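An overview of the molecular structure
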Amino acid sequence: MTAVAKIVHTNPEVEAEPDLTDGFHLVIDALKLNGIETIYGVPGIPITDLGRMAQAEGMRVISFRHEQHAGNAAAIAGFLTRKPGICLTVSAPGFLNGLTALANATTNCFPMILISGSSEREIVDLQQGDYEEMDQLAIAKPLCKAAFRVLHAADIGIGVARAIRAACSGRPGGVYLDLPAKLFSQVLDAEAGLKSLVKVIDPAPAQRPAPEAIERALAVLKAARRPLIVLGKGAAYAQADDAIRALVETSGIPYVPMSMAKGLLPDTHPLSAGAARSTALKDSDVVLLIGARLNWLLSHGKGKSWGEPGSTKFIQIDIEPREMDSNVEIVAPVVGDIASCVQALLDGMGRGWQQPPADWIATLNAKREANIAKMAPKLMSNASPMTFHAALGALRTIVKERPDAILVNEGANTLDLARGIIDMYQPRKRLDVGTWGIMGIGMGFAVAAAVETGKPVLCVEGDSAFGFSGMEVETICRYGLPVCIVVFNNNGIYRGTDTDPTGRDPATTVFVPDSRYDRMMEAFGGTGYHVTTPDELTRAVNATMDSGRPALINAVIDPAAGSESGNIGSLNPQSGIKKKK
Ligand code: ADP
Ligand code: TPW
Ligand code: MG
């Protein structure tokens with residue numbers, strides 16, 4: 001009980017009655033006891049005082065303009081820290097606004113807890129029309145990993161503990177915690193309250209793989225002629241950076257990083273086959289997946305991106321047993337946590353490990369060098385207006401010079417081209433649209449990245465993507481966060497050149513041409529820049545990052561330069577009706 005006894009309330013009411021505590025304080029105490037220091041949210045009935053009191057009790061409470069962005073902040077805080085990020089919302093509409101982020105966190109395997117106030121159970125359940133009435137628990141359930149409701153203040157400690165354990169253990173994900181308004185004012189004897197709190201011991205226990213699973217995997221790897229490692233964001237999340245690097249370097253097996261695994265090893269590493277991705281996937285005979293699912297982002301492990309059916313054998317490391325065989329046969333499933341599994345593979349390789357055949361490495365190297373050479377002149381283009389490549393070439397140099405900055409990235413062309421062009425050098429520095437390719441994560445991720453790490457943040461945003469969370473520039477200015485937003489302004493979604501065939505309205509994909517997003521930032525006291533060349537862009541980003549202050553750079557991009565849906569245009573359904581000539 002020593003840790004609990006340290007909790008001191010600064011709330012005057014509680015000081016006046018030192019023997020009592022209440023629901024508000026127990027929620028705060030339970031979070032603090034579990035090392036949770038930050039809440040992201042939007043205030044209102046019934047949780048306004050919860051935010052105030054949490055701040056008074058020394059927690060960081062970051063108030064947003066919209067719950068979706070607070071939720072995204074919580075989710076990425078979870079990814080960065082392995083502690084569940086907390087999002088706090090008001091009942092019904094606030095709760096619903098937070099749900100997209102909760103579902104997205106679950107889809108991406110990020111630990112977060114959406115804590116929402118809710119209305120009176122008795123009235124909600126009889127559907128008598130309470131203030132912001134909604135059966136929130138029932139609605140949250142299918143969208144998250146677990147959902148709990150606490151009705152008695154004495155159960156807050158257990159409720160928070162269950163939420164933390166559910167979010168972090170096994171495959172991480174989003175958890176919903178429903179706290180009805182009445183709970184907060186329930187009073188409890190302080191001593192009993194303290195005793196009711198639970199410090200979660202080992203919230204994400206190691207899950208060691210079975211020795212026979214390791215042997216099986218090593219046997220498959222050993223027999224490979226063209227082996228490949230695919231690192232996914234699970235590998236980045238696991239924070240087993242040294243072991244993963246040792247596995248790649250000891251085995252001598254080339255690797256391809258998924259988007260958010262970039263930088264786990266530097267993209268310039270000699271074994272990185274990132275710039276030869278298509279060849280690496282197509283020609284490999286054995287693929288070791290580490291924290292990466294065979295979902296659409298890897299073409300489900302079959303089809304055109306891969307070799308002949310059956311020619312690629314998959315080994316998969318994942319903490320979730322049901323992930324195995326989800327799309328194709330996994331010949332060597334390795335179920336366990338990545339740190340333990342990677343270490344076990346390394347131990348099993350021992351001294352006699354044979355490096356992969358030299359011709360495989362040479363093939364990939366040749367392809368990589370050819371692709372890099374092909375790209376190089378495009379990055380130097382001085383065309384006006386700027387191409388995506390030229391603007392990204394400038395940002396690529398900046399990230400090379402500032403490898404500890406965090407890159408947040410969303411859009412279509414702005415996303416896909418930045419992923420390919422901007423090399424990353426350190427783990428967990430690239431945060432993006434993840435498994436769903438969701439727009440709107442930008443400002444929420446940026447706020448949490450700055451708050452959780454204290455590092456400068458560079459957001460590379462399509463003009464459409466930025467619009468989803470753009471109002472949070474006020475939040476960034478209010479908290480004075482070191483966030484540099486670059487809006488790739490091509491006047492629209494994918495391109496700014498479409499027209500309405502009837503001539504009546506703007507086309508569905510275009511925005512007000514030549515908008516000045518920089519002025520949005522100026523409205524709240526940050527710095528705005530309007531740039532039209534790579535040199536101007538470089539100067540503006542460097543000045544911002546040196547200042548540690550918020551800025552928004554409106555970067556004018558050729559409206560005709562982009563392609564439909566960036567790299568994934570082929571996913572657009574085509575009309576079944578042939579156009580008349
Ligand atoms: P990407 O999109 O980068 O390919 P995914 O999100 O598809 O990555 O896959 C991440 C995988 O990592 C999930 O299947 C998840 O279960 C797994 N995972 C997350 N954390 C761990 C961990 N600590 N140990 C093992 N597997 C993990
Ligand atoms: C929540 C659909 C995918 S990409 C995109 C949209 C609307 C914007 C692309 O334009 P942008 O980038 O950002 O200007 P660029 O460089 O190509 O011009 N709603 C949600 N998520 C998604 N993915 C969409 C819509 C979409
Ligand atoms: Mg655009």
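This text follows the structure it describes.
Here is a short report on the structure shown in this document.

Reading the values: rules and limits
- Residues numbered from 1 in each chain as written.
- Chains lettered and ligands numbered in written order.
- Predicted model: local features only at pLDDT ≥ 70, side-chain atom pairs only at ≥ 80, totals over all residues.
- Heavy atoms only, no water.
- Near = heavy atom within 4 Å.
- Polar contact = N/O pair within 3.5 Å; in protein donor to acceptor, adjacent residues only side chain to side chain.
- Areas by Shrake-Rupley, 256 points an atom, 1.4 Å probe, with all protein chains shown as cover.
- Helix = DSSP H or I, 4+ residues; strand = E, 2+ residues; numbered from the N terminus.
- Nonpolar A, V, L, I, M, F, W, Y, C, P; charged D, E, K, R; others polar.
- Core = buried A, V, L, I, M, F, W, Y, C linked by side-chain atoms within 4.5 Å.
- Buried < 20%, exposed > 50% of the residue type's maximum accessible area, 1.4 Å probe, protein only.
- Contact = heavy atoms within 4.5 Å.
- Pairing = 2+ DSSP bridges.
- Right-handed = clockwise from strand over helix to strand, strands pointing away.
- Expected span 1.5 Å × (residues − 1).
- Phe/Tyr/Trp six-rings, centres within 6.5 Å; stacked < 30°, edge-to-face > 60°.

Focus: the site of ligand 2
- With respect to spatial proximity, 17 residues lie near ligand 2, and among them Asn413, Thr414, Gly437, Asp463 and Asn490 are the closest.
- Glycine 437 is positioned such that a nitrogen or oxygen atom in its backbone is 2.8 Å from a nitrogen atom of ligand 2.
- Here an oxygen atom of ligand 2 and a backbone polar atom of glycine 492 are 3.0 Å apart.
- When ligand 2 is considered free in solution it has 590 Å² of accessible area, and contact with the protein chains removes 76% of it.
- Sorting the residues of the shell around ligand 2 by element identifies α19 (413-421) and α21 (463-469) as the ones contributing at least two each.
- The element contributing the most residues to the shell around ligand 2 is α21, with four residues.
- Across the shell around ligand 2, the residue classes break down as eight nonpolar, eight polar and one charged.

Looking at the nonpolar core
- Core analysis: the biggest nonpolar cluster contains 114 residues, and Tyr40, Leu231, Ile290, Leu431 and Ile485 have the highest contact counts within it.
- In this structure, tyrosine 40 is in contact with Ile62, Phe64, Ala70, Ala73, Ala74, Ala77, Ile86, Cys87, Leu88, Ala448, Val451 and Glu452, ignoring residues within four places of it in sequence.
- Core analysis: the second largest hydrophobic core is formed by 40 residues, Val27, Val61, Ala161 and Phe184 among them.

Concerning the side chain of lysine 233
- Residue position: lysine 233 is located in helix α13 (residues 233-237).
- At 3.2 Å, the side chain of lysine 233 and the side chain of asparagine 108 are in polar contact.
- Excluding residues that lie within four positions of it along the chain, lysine 233 makes contacts with Phe79, Asn108, Phe110, Met260, Ala261, Gly291, Arg293, Gly434 and Thr435.

Remarks on the site of ligand 1
- In the neighbourhood of ligand 1, 20 residues make up the surrounding shell, with Arg171, Lys233, Arg293, Asp318 and Ile338 lying closest.
- In the complex, the protein chains occlude 97% of the 580 Å² of accessible area that ligand 1 would expose alone.
- It is α13 that contributes the most residues to the shell around ligand 1, three residues altogether.
- Taken together, the residues of the shell around ligand 1 break down into eight nonpolar, six polar and six charged.

Re unusual backbone geometry
- The linkage connecting isoleucine 45 with the following residue, proline 46, adopts the cis geometry, with an omega of 5°.
- Mapped onto the fold, proline 46 is located in the loop between β2 (38-41) and α4 (48-56).
- For the peptide bond that leads from serine 384 to proline 385, omega is -5°, which places it in the cis range.
- By the element assignment, proline 385 lies in the loop between α17 (358-379) and α18 (388-401).
- A positive phi angle is found at tyrosine 494, which is not glycine, with a value near 75°.

Overview of the pairing of strand β6 (residues 146-149)
- As judged from the four bridges shared by β6 and strand β7 (residues 174-180), these two strands associate in the parallel manner. Bridge pairing links alanine 146 to valine 175 in β7.
- What joins β6 to β7 is helix α9 (residues 156-168), and the crossover it makes is right-handed.

Let's talk about helix α20 (residues 442-453)
- Its 12 residues place the ends of α20 16 Å apart at the C-alpha level, agreeing with the 16 Å of an ideal helix rising 1.5 Å per residue.
- Extensive coverage of α20 is indicated by the burial of 10 of its 12 residues.
- Those residues of α20 that fall on the buried side of the exposure criterion are Gly442, Met443, Gly444, Phe445, Ala446, Val447, Ala448, Ala449, Ala450 and Val451.
- Note on α20: the residue one or two positions beyond its end, glycine 454, has a positive phi of about 70°.

Notes on the pairing of strand β4 (residues 85-89)
- With respect to burial, β4 is a largely interior element, five of its five residues being buried.
- Burial of the side chains of β4 extends over both faces: Gly85, Cys87 and Thr89 are buried on one face and Ile86 and Leu88 on the other.
- Alignment of β2 against β4, held across three bridges, turns out to be parallel. Paired with glycine 41 across the strands is leucine 88, a residue of β4.

A short note on the environment of glycine 252
- The residue glycine 252 is located in the loop between α14 (241-251) and β10 (255-257) in this model.
- For the pair formed by glycine 252 and glutamine 354, sequence separation is 102 residues and the distance between their alpha carbons is 8.6 Å.
- Apart from residues no more than four positions distant in its own chain, glycine 252 is found in contact with Leu247, Leu271, Gln355, Pro356 and Ile361.

Quick look at the packing of aromatic side chains
- The full count for this structure, using the stated rule, is eight aromatic pairs.
- Among the aromatic side chains, those forming a connected cluster through ring pairs are Phe79, Phe110 and Tyr237.

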